[in-house]
Amino acid sequence: LQRLHMEAKDTKRRLSQVLIASNADAGLTARVLRFGMHSFRRRASLSVEGSVMGLLSKALACELMLAQRSRYFVQHPLLAMLQERCSEVYATICHAFETNIFADADTIFRAGAISDRLYMTIRGKYELAMHIESSSQWQLHSINELTDGRFEVGVYNDSCVARFEDLWWLCEVSLFSTSVHECELRTSSFADAFTLTGADLAACVGKVPSCAILMYEYAAEYLAEANAFLSEHGGPEVVPPDLPRRIVDRLQTKRDHVAHISSARLNSPTPHPQEVSDFVSSVMNAPGETSCDALDVVQHTFGELHPELGIYRSLKLDGERKRAEAALLSMIYLIRGDYQRFTACQRDDRLTPELWNALQRFVAWVGLTEEMAHAGFVFLALRGIGKSTAFLGAMQHGEQTPEDVVLALMSSFPLVVPSFGMLNEGGCLLVRKVLMFHRTLNLAQFLQGEIVPGQLANLSEKISEAGCEPFRLYLLCCACHLCGLRETESQQGSLFVNQSHGEVLMAGIDVLQRLRTASPRGVYWAYISARARSVSLPCASLDELALARLLCLTRSTKSDVAMLQTAWSALDRDAGEALLRHLIADGVGTLAFVFIFLPDYLANSIRNPVIGLRRALVVLVDLIDSLRSDGHTVQQESLVLPVSLKDLA
């Protein structure tokens, strides 16, 4: 400490000599001396002189550096995660940060310069400035909203300026990609900041493979979200401050899911291939009544469904297992023409023989071969595994659908899904194509009017690529899946596909069978019109078609028509027009929002006497207006924009 005091005096003396030799005036002399002594003291507190560090062991020097700097760095979620998981790498990163001491009115970076490093401001006052333009004030006000008011935003002279103090981080995106500054950062007091370049970060993490993988996963998710934000809000300086925390939380959740998967016993029993072949042949070649032990045979033939040893049991997906079993049984009943077994549990609203015959004609249209039937059984047996939250959480960002999970298991973990391995090459390809179709279009969502014609257009393109045979099998598998929806209540036939639901199912299948020859718009509105006619609703005008789609979305029956019409007429003119535009938007020529879980939201609102349908529609219109005003209707690669209402529903 005494030496430090002496060095401070010596530094001041040498500065004074330089200033005298330079003929500096009194004002400049005062400013230089003041900043020089401030810089000397701050550097001493933020870093250790090289000669002193040389006296310490590597471990002690590292501990000393951490003691000086770590309290700042752990405020950032990424660095805090690295401290927890890769402490040695975290220590090298702390050492790699460069200390910067700035005077009042220093420019740290300018607009138009290359942005290649993270800035972590730790002390002092700063101004983030942008030359005043029509967009700049909007961008800086967006920054103020993002930072919960921590930035003071205003117009000063010829610039829009956001002022802030002390700890913050800027340009984090520059650790993973190179961009250009759109703002200027300058100081308005003495200030300190740390900087870290992407190259230095890569050098630190690259020596430890597990840490490099972790950093790659973080960077991939960060860039995916940050680039989408920056495309609307400008340069790399500020992104949503909660973004690093959200990504770190997702990575931690993924790690927990992987740990759960690793600790679980996932391999399912594997039957003999001949037993599987005999099962498929017996279903296809022995029409008539199904034996009472069919469920036991299904559980034995498809090891994933084993009630004690299968993967569904290991993942605690008993509800999905029962639905898969019921779907398989329904497929057997449909192939064999076993009307009695199919309707055994239906007491009220039983499926009529006439509608059963229509279902049988549909099965005949599919043109099943043994290979197709086997592939269909495997699809139904495996589909529910994709609902596992553990598997979904372990998937890469952007590949988090149940179909993606099943496809990944089939490719990388064959012992988890042994039924897939029992298929021949053609059967494997069929299952993959059916999963692809199902990822493109969910039949249940189509029947509820939840999707738009643009998604049917996507399906039509997939059919052109994959062929008609997989599409016909896909329709049959979707119908069988619907047959098993309520089979946690009963596995004695199909409880869900009774007369009412069967009519809806057949209406949807009838129009989808024409998708190869008719336009997606024509197919879509033909289904909506058929649903309208089934409850005696007119469907000639756009208003009437919109109301018919609302009928599907609310899962309404003929007795609910008056309630729908009352709620619709109670909307004011602007809300009614906005709702009409939403309901007839097709995602082909006009952008369409597809609200996932919208039928749940509307049905639950109707059941709630305090809310009701009219208020639910008003909230929906407000949400649509908010999405449009926030700019979600521009710069979209697709005209179909999905929005999840799961939490709202």
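It should be emphasised that the depicted structure is a prediction, and the values quoted were computed from it without experimental measurement. (Residues numbered from 1 in each chain as written. Predicted model: local features only at pLDDT ≥ 70, side-chain atom pairs only at ≥ 80, totals over all residues. Heavy atoms only, no water.)

Draft legend 1. Region of the structure containing the confidence of the model for the protein. On average, the protein scores 85 in pLDDT, and the residues at 70 or more come to 84%. Under a pLDDT of 50 for its full length, residues 134-138 has, in the predicted model, seven contacts with residues more than four places off or in other chains. (pLDDT = per-residue confidence, 0-100. Contact = heavy atoms within 4.5 Å.)

Draft legend 2. Looking closely at the sheet that holds strand β1 (residues 98-102). Here we have four strands laid out as an open sheet, ordered β1-β11-β4-β8, and antiparallel in their pairing. Since the sheet does not close on itself, it has two edges, and those belong to β1 and β8 (168-170), each with one partner. Neighbour-to-neighbour, the strand axes of this sheet turn through a mean angle of 25 degrees, independent of strand direction. Where strand β4 (residues 117-123) lies against β8, three bridges are found, and the strand directions are antiparallel. Looking at the pairing, Thr121 lines up with Trp168 of β8. (Pairing = 2+ DSSP bridges. Helix = DSSP H or I, 4+ residues; strand = E, 2+ residues; numbered from the N terminus. Axes fitted to C-alpha atoms, helices over the stretch in contact; angles between N-to-C directions.)

Draft legend 3. Seen up close, a negative patch on the surface. Taken together, the side chains of Asp572, Asp574, Asp622 and Asp625 make up a negatively charged region of the molecular surface. Note on placement: Asp622 falls in helix α31 (residues 612-629). Relative accessible area serves as the criterion here: at 46%, Asp622 is assigned to the partly exposed category. (Patch = residues over 30% accessible without salt bridge, like charges linked within 9 Å, V, L, I, M, F, W, Y side chains within 5 Å. Areas by Shrake-Rupley, 256 points an atom, 1.4 Å probe, with all protein chains shown as cover. Salt bridge = Lys/Arg side-chain N within 4 Å of Asp/Glu carboxyl O. Lys, Arg positive; Asp, Glu negative; His and termini not counted. Charge placed at Lys NZ, Arg CZ, Asp CG, Glu CD. Buried < 20%, exposed > 50% of the residue type's maximum accessible area, 1.4 Å probe, protein only.)

Draft legend 4. Structural context of helix α28 (residues 561-569). For α28, every residue scored as buried is listed here: Val561, Leu564, Ala567 and Trp568. The buried residues of α28 occupy one face: seen down the axis, they fall within an arc of 130 degrees. Away from the buried face of α28 by more than 90 degrees, exposed residues Thr566 and Ser569 are located. On its buried face, α28 sits against α27 (542-553), α29 (573-584) and α31. (Arc of directions from axis to C-beta.)

Draft legend 5. Spotlight on the nonpolar core. Residues Phe377 and Phe446 are the most contacted members of the largest nonpolar core, which totals 129 residues. Here this core gets eleven residues from one element, more than from any other, and that element is helix α24 (residues 468-483). Here Phe446 is in contact with Ile451, Leu456, Gly508, Val511, Leu512, Tyr524 and Tyr527, once residues within four sequence places are set aside. Within the second largest apolar cluster, 38 residues are counted, among which are Leu82, Phe97, Phe176 and Cys204. (Core = buried A, V, L, I, M, F, W, Y, C linked by side-chain atoms within 4.5 Å.)

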